[in-house]
Amino acid sequence: MTKTNPGRFFEDYQIGQVIRHAVPRTVAEGERAMYHALYPARHALYSSDEFASASGLEGSPMDDMIAFHIVFGKTVPDVSLNAIANLGYAEGRWLKPVWPGDTLRSESEVIGLKENSNGKSGVLWVRTRGLNQMDEVVLEYVRWVMVRKRDAASPAPDAVTPELASTVAALDLVVPEGLDFSDYDFDLAGEPYRWGDYQVGEIIDHVDGVTVEEAEHMLATRLWQNTAKVHFDVTAREDGKRLIYGGHVISMARALSFNGLANAQMIVALNAGAHANPCFSGDTIRAWSEVLDKADTSAPGVGAIRLRLVAHKGAAGDHQLRGEDGKYASNILLDLDVWALMPK
Amino acid sequence: MTKTNPGRFFEDYQIGQVIRHAVPRTVAEGERAMYHALYPARHALYSSDEFASASGLEGSPMDDMIAFHIVFGKTVPDVSLNAIANLGYAEGRWLKPVWPGDTLRSESEVIGLKENSNGKSGVLWVRTRGLNQMDEVVLEYVRWVMVRKRDAASPAPDAVTPELASTVAALDLVVPEGLDFSDYDFDLAGEPYRWGDYQVGEIIDHVDGVTVEEAEHMLATRLWQNTAKVHFDVTAREDGKRLIYGGHVISMARALSFNGLANAQMIVALNAGAHANPCFSGDTIRAWSEVLDKADTSAPGVGAIRLRLVAHKGAAGDHQLRGEDGKYASNILLDLDVWALMPK
Amino acid sequence: MTKTNPGRFFEDYQIGQVIRHAVPRTVAEGERAMYHALYPARHALYSSDEFASASGLEGSPMDDMIAFHIVFGKTVPDVSLNAIANLGYAEGRWLKPVWPGDTLRSESEVIGLKENSNGKSGVLWVRTRGLNQMDEVVLEYVRWVMVRKRDAASPAPDAVTPELASTVAALDLVVPEGLDFSDYDFDLAGEPYRWGDYQVGEIIDHVDGVTVEEAEHMLATRLWQNTAKVHFDVTAREDGKRLIYGGHVISMARALSFNGLANAQMIVALNAGAHANPCFSGDTIRAWSEVLDKADTSAPGVGAIRLRLVAHKGAAGDHQLRGEDGKYASNILLDLDVWALMPK
């Protein structure tokens, strides 16, 4: 009898199944400091208790992406250990701030299954929820991945393809209780631009770049207790390279976006996302954003802005996302679609 | 007059001498987060305050290995700065949990001295105790090292070789006050296997591997305030390589052992240990365990399991610890013998 | 309209101008743990709450250099993004301890401006203050940098060169309230040498060396939210090398100085400082100190010692700071002049 976890295969999922993921995690000031060391993160609401208090919160919450990475990391052993590809995200919403001292756990419901025509793999859709110690949902999102079958001869399940919103509707965004940007200090936040200063279609080049190192992405990925071996073991892939966790690129791009979007303080929805190309140690990550939409919120002084956040490698480019063939250009690492909250 | 510490030589130790080691250390959430970033550590009791509370503790204690590394690190300037080799461990026991906010210090008593026949070095045995701010012993263990003599002409001391138990007796294991695994949540812990599912002689291959980097092992070794220069200075060894602190390999192997031993929650005794071969940056560390013994405890739902934890480098192997010559195989990094606590 | 910050040029400064720097930062146990992981820091006052309490403080404050780096890091986007060189420091004083949980922000006053004869750049002097959440100044220092002009044709401002003290007078040193070294435990601190054991002119070789890695200096520099791109982006400099933040060398040298100056517990003044040569990944940093002066303080058991702290790379040297031409020798990285507090 082997006691080590071989991961689940496509045959191991059924529609409606709910998987409680292992290893709850208490997060605190240590994770916050590590986040600041790993990424050039400077959004004031996550840097200063005073700034957060002045914005109506009880203190500085854990970065939205810390919540995401921890909730996501717990799903890996059950969802993506035998994944061939991470295909997409949808309907992601942050529902409650995560505070230092909170304990997070995750669970996922299988909402879609569709075998591929080759009979060797299939697509799995799960809706994942992150919960705190009071069983409140702090985050939810849908993710779909291509998963290997254990045995090509297994019969295909009835295909169920979930209907997913192409974007989270502005009315469905959840603004943290008490958030108030009426007395927002733009000097302390770092930039003078408010919600009204951004135009739909506008592109912001975030200018800075970070050349990434093996030690860093492994520290990050372990911090989120994500144990997919391709990130850690040089022998796990044929090319002898450690694949950088896609979430590391997300956090790097989000942090780089401070330069031009310092006031896009909180991420409240993940509309869509694609890890367009793999990222490896030695790549220099840069980012640009495009304003996709804007909406009002009922919170005082708070507007919502929908952003495409693109990470790419190599030289500052021409903001070209796709080639003539319609495919992502080879330098594109990430194409993320989010809603953020800004002062009006 | 030089004020820098040249370290102690074999002549500087006398039987019965007690050395109070320098630099007490307060440990808190920051050290816990760093530990999660440095190692793929997922044992639930050290990850979640909620899980620890449900197990009868007042919260999640600091990882047993954090306590070990900090207590050990303090001894380095007094015990092993001029050590040629770290020869062994025995009679190690964790006696009290270490909580965030505790301050640890160490002291060592010289319990054995035996000059080598070459007259250039000798073996030193010390019993080291780690104490918290209430002067409670939280950890104790015996370690022996080969230490250089300052002067080969110095007379040899009377040889004293301490009698050491080959293993800590099950009856001497100390279970943390209040620990209760009666309502253990196997889903949250990550694996279904309980104490009764493990057989003496069983071997568990932990499957995963981590390729180690210079930056990581130096971050770890400094975190424990272990300042042995071979770990940090490429010019300190003739081969120009930085030797990785043996404790880094211990923690890596322990963390990797989650996969197959997720429920071996707490390490309570260190029976023996050997750093079989040196580890360097670029090595890929893997681990396997062998069940050596089992014992009951008086705590509700808690059993004890004695494990051989082996770390090796390179490809997943044949679980061969030694060659035909009886010596450790060249790929073996660590051979550790511990008692751990599991739910029954 | 571009929203990304191009940084200020020489023309953008006026005498008397006060710049409130962005992104306040709450510091806590996480930053302390990271500091211990990044540097071989062992000064007992910053390692142990118990040791600090026994020295009359309410607990262990954040390391003086953490306060410096955070206050400094905030000035980078406003002061040195277009700097050609960091020329010097003067009149630096630590005025209040920083405690875990404090929130720091920075502001700088322009106190000097002098255009260079080439018309392409000028020297800018600023007095920077770090403030806590109660608006108390915790740290102040003067820094001067050479800054590019936006346009060589811009008229030169009236030259103002501030008069700066060559050293902070001993009477102006601020000893933290309550500090008392009457019952100092030299065993726990790690060395027996007290204030009276050091002679002006004495040189202490700190012996140890650390070979630095890209991942480490980037973690450190980001931790202080210092975003100067030369530290992160291999394409930012013509030589394709990432320049290591000068403050990383300061902290490394300060930590290495434990070996020989373990009792120089607190840094209370920065008299002067020069980053003599650039530091790159792969360099092995070593340090030596020279006692420049000594002074009494009114606090019980507390003496002040003025130290030149020199960091160099490569082999242990001859303590030669400058060549025959009067310029810094090519292996010198840092020449720092500080006042520290020691037990008498």
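Definitions and cut-offs
- Residues numbered from 1 in each chain as written.
- Chains lettered and ligands numbered in written order.
- Predicted model: local features only at pLDDT ≥ 70, side-chain atom pairs only at ≥ 80, totals over all residues.
- Heavy atoms only, no water.
- Helix = DSSP H or I, 4+ residues; strand = E, 2+ residues; numbered from the N terminus.
- Rg over C-alpha atoms; globule rule 2.2 N^0.38 Å.
- Contact = heavy atoms within 4.5 Å.
- Areas by Shrake-Rupley, 256 points an atom, 1.4 Å probe, with all protein chains shown as cover.
- Lys, Arg positive; Asp, Glu negative; His and termini not counted.
- Charge placed at Lys NZ, Arg CZ, Asp CG, Glu CD.
- Buried area = accessible area lost by both parts, 1.4 Å probe.
- Salt bridge = Lys/Arg side-chain N within 4 Å of Asp/Glu carboxyl O.
- Nonpolar A, V, L, I, M, F, W, Y, C, P; charged D, E, K, R; others polar.
- Axes fitted to C-alpha atoms, helices over the stretch in contact; angles between N-to-C directions.
- Parallel < 35°, antiparallel > 145°, perpendicular 65-115°, else oblique.
- Core = buried A, V, L, I, M, F, W, Y, C linked by side-chain atoms within 4.5 Å.
- Buried < 20%, exposed > 50% of the residue type's maximum accessible area, 1.4 Å probe, protein only.
- Least-squares fit on C-alpha atoms with pLDDT ≥ 70 in both.
- Phe/Tyr/Trp six-rings, centres within 6.5 Å; stacked < 30°, edge-to-face > 60°.
- Lys NZ or Arg CZ within 6 Å of the ring centre and 35° of its normal.
- Polar contact = N/O pair within 3.5 Å; in protein donor to acceptor, adjacent residues only side chain to side chain.
- Pairing = 2+ DSSP bridges.

Peer 1: Describe in detail the overall build of chain A, supporting the description with residues and values.
Peer 2: Helix and strand counts for chain A stand at seven helices and twelve strands. A globule of 344 residues ought to have a C-alpha radius of gyration of about 20 Å, and chain A, at 20 Å, matches this closely. Counting only contacts in chain A whose residues sit at least 6 apart along the sequence, the fraction spanning at least 24 positions is 78%. Accessible surface, chain A: about 11800 Å² in total, of which carbon and sulfur atoms supply 48%. Of the charged side chains in chain A, 33 are positive and 47 negative; the average position of the first set lies 7 Å away from that of the second.

Peer 1: Lay out the interface of chain A and chain C in plain terms, naming residues and giving numbers.
Peer 2: How big an interface is tends to be stated in terms of the accessible area lost upon association of its parts. With 45 residues of chain A at the interface, the matching set in chain C holds 34 residues. Summed over both sides, the interface of chain A with chain C buries roughly 3200 Å², with 57% coming from carbon and sulfur. Contact with chain C buries area across many residues of chain A, yet Ala37(A), Arg42(A) and Leu188(A) alone supply 19% of it, more than any other trio. Joining chain A to chain C, the criterion identifies seven salt bridges. Between Arg242(C) and Glu213(A) there is a salt bridge whose closest N-O contact spans 2.6 Å.

Peer 1: I'd like to hear about the interface of chain C and chain B, residue by residue, with values.
Peer 2: The interface is formed by 45 residues belonging to chain C together with 34 residues belonging to chain B. Contact with chain B buries surface across chain C, with Ala37(C), Arg42(C) and Leu188(C) losing the most and accounting together for 19% of the total. Asp185(C) is the salt-bridge partner of Arg20(B), the closest N and O atoms lying 2.9 Å from each other. Every element with two or more residues in the side of chain C that touches chain B is listed here: α1 (29–38), α2 (49–54), α4 (186–189), β7 (203–205), β8 (210–211), α5 (214–223), α7 (258–261) and β10 (284–296) of chain C. Examining the composition of the side of chain C that touches chain B, we find that seven residues originate from one element, α1(C), more than from any other. The residue makeup of the side of chain C that touches chain B, split by class, is 20 nonpolar, eleven polar and 14 charged.

Peer 1: Tell me what's going on with the packing of helix α5 (residues 214–223) of chain A against helix α5 (residues 214–223) of chain B, and back it up with residues and numbers.
Peer 2: With their axes 8 Å apart at the nearest point, α5(A) and α5(B) run at an angle of 60° to one another. The angle between α5(A) and α5(B) falls in the class oblique. Between α5(A) and α5(B), the residues in contact are Ala215(A), Met218(A), Leu219(A) and Arg222(A) and Ala215(B), Glu216(B) and Leu219(B), respectively. Looking at the contact of α5(A) with α5(B) residue by residue, the classes come out as five nonpolar, no polar and two charged.

Peer 1: Could you give an account of the nonpolar core, with specific residues and numbers?
Peer 2: For soluble globular proteins, the rule of thumb is that nonpolar side chains tend to be buried together. Counting residues in each nonpolar core, the largest one holds 189 residues, and the members touching the most others are Phe68(A), Phe68(B) and Phe68(C). Those residues within four positions of Phe68(B) in sequence are excluded, and the remaining contacts are Tyr89(B), Trp94(B), Leu139(B), Tyr141(B), Tyr245(B), Ile250(B) and Leu270(B).

Peer 1: Give me the lowdown on the relation of the copies chain A and chain C, citing residues and values where you can.
Peer 2: Least-squares fitting of chain A to chain C yields an RMSD of 0.0 Å, with the superposition described by an axial translation of 0.0 Å and a rotation of 120°. In the structure described here, the two chain copies are related by an operation that fits a three-fold rotation axis. Across chain A, the smallest distance between a C-alpha and the rotation axis is recorded for Gly30(A), namely 2.2 Å. Here only 9% of the contact residues of chain A are again contact residues in chain C; the copies associate through non-equivalent surfaces.

Peer 1: Outline the pattern of salt bridges, supporting the account with residue identities and numerical values.
Peer 2: Taken as a whole, this structure holds 74 salt bridges over all chains when the rule is applied. Across the pair Glu202(B) and Lys3(A) runs a salt bridge whose closest N-O atoms are separated by 2.5 Å. Of the two residues, Glu202(B) is situated in the loop between α4 (186–189) and β7 (203–205) and Lys3(A) in the segment before β1 (18–20); the pairing between them involves two chains. Lys3(A) gets classed as buried once you look at its relative accessible area, which sits at 3%. Measuring nitrogen to oxygen at the nearest pair gives 3.4 Å for the salt bridge that ties Glu290(A) to Arg308(A). Of this pair, Glu290(A) sits in strand β10 (residues 284–296) while Arg308(A) is found in strand β11 (residues 302–313), placing the two residues 18 residues apart along the sequence. Under the relative-accessibility criterion, Arg308(A) is labelled partly exposed at 21%. Salt bridges sharing common partners tie together Arg93(A), Glu109(A), Arg129(A) and Glu140(A).

Peer 1: Outline the packing of aromatic side chains, listing residues and values.
Peer 2: Enumeration over the complete set of coordinates arrives at 33 aromatic pairs over all chains. Each ring, one from Tyr35(C) and one from Tyr39(C), has its centre 4.8 Å from the other, and the planes form 55°; the classification is tilted. Members of the aromatic cluster, joined through ring pairs, are Phe68(A), Phe72(A), Tyr89(A), Trp94(A), Tyr141(A) and Tyr245(A). The aromatic ring of Tyr193(C) is capped on one face by Lys3(B), whose charged end is 5.6 Å from the ring centroid. Lying over the aromatic face of Tyr328(B), Arg322(B) brings its terminal NZ or CZ to 4.1 Å of the ring centre.

Peer 1: Tell me about the environment of Glu115(C), and please be specific about residues and values.
Peer 2: All names here are of chain C. As for its placement among the helices and strands, glutamate 115 is situated in strand β4 (residues 103–115). Taking the relative accessible area as the measure of exposure, glutamate 115 reaches 19% and is therefore buried. Sequence separation between glutamate 115 and valine 147 is 32 residues; the distance between their C-alpha atoms is 9.3 Å. Beyond its immediate sequence surroundings of up to four residues, glutamate 115 is in contact with Phe10, Ser121, Gly122, Lys149, Ser154, Pro155, Ala156 and Pro157. Side-chain polar atoms of glutamate 115 contact the side chain of lysine 149, separated by 3.0 Å.

Peer 1: Any chance you could break down unusual backbone geometry for me, citing the residues and the numbers?
Peer 2: Within the chain, Gln225(A) stands out as a residue other than glycine whose phi angle is a positive 55°. Within the secondary structure, Gln225(A) sits in the loop between α5 and α6 (246–256). The backbone of Glu91(C) shows a phi angle near 50°, a positive value even though the residue is not glycine. What makes Glu91(C) buried here is its relative accessible area of 17%.

Peer 1: Tell me what's going on with the environment of Gly190(C), and back it up with residues and numbers.
Peer 2: As for its placement among the helices and strands, Gly190(C) is situated in the loop between α4 and β7. Residue Gly190(C) is classed as partly exposed on the basis of its relative accessible area, which comes to 33%. Separated by 147 residues in the primary sequence, Gly190(C) and His43(C) have C-alpha atoms spaced 8.5 Å apart. Non-local contacts of Gly190(C), meaning those with residues more than four positions away in its chain, are made with Ala22(B) and Phe258(C).

Peer 1: Hey, could you go over α5(C) for me, with residue numbers and the actual values?
Peer 2: Residue and element names in this part refer to chain C. α5 sits mainly inside the fold: ten of its ten residues count as buried. For α5, the complete set of buried residues consists of Glu214, Ala215, Glu216, His217, Met218, Leu219, Ala220, Thr221, Arg222 and Leu223. Downstream of α5 by one or two residues, glutamine 225 has phi in the positive range, about 55°.

Peer 1: Which residues make up the pairing of strand β6 (residues 137–148) of chain A, and what are the values?
Peer 2: All names here are of chain A. Within β6, nine of the twelve residues are buried, leaving the element largely enclosed by the surrounding structure. Strand direction decides the pairing type here: strand β3 (residues 83–94) and β6, joined by eight bridges, are antiparallel. Note on β6: the bridge partner recorded for glycine 88 is tryptophan 144. If you look at the hairpin formed by strand β5 (residues 121–131) and β6, you'll find five residues sitting between the two strands, and aspartate 135 has a positive phi there, around 60°.

Peer 1: Describe the pairing of strand β4 (residues 103–115) of chain A, listing the residues and the values that go with them.
Peer 2: All names here are of chain A. A large share of β4 lies buried, amounting to eleven of its 13 residues. Of the strand pairs in this sheet, β1 and β4 are connected by three bridges, and their pairing is antiparallel. Bridging across to β4, isoleucine 19 finds its partner in serine 108. Pairing of strand β2 (residues 25–26) with β4, which is carried by two bridges, proceeds in the antiparallel orientation. Residue pairing for β4: arginine 25 is matched across the bridge by leucine 104. Sheet analysis places β4 next to β5, joined by ten bridges and oriented antiparallel.

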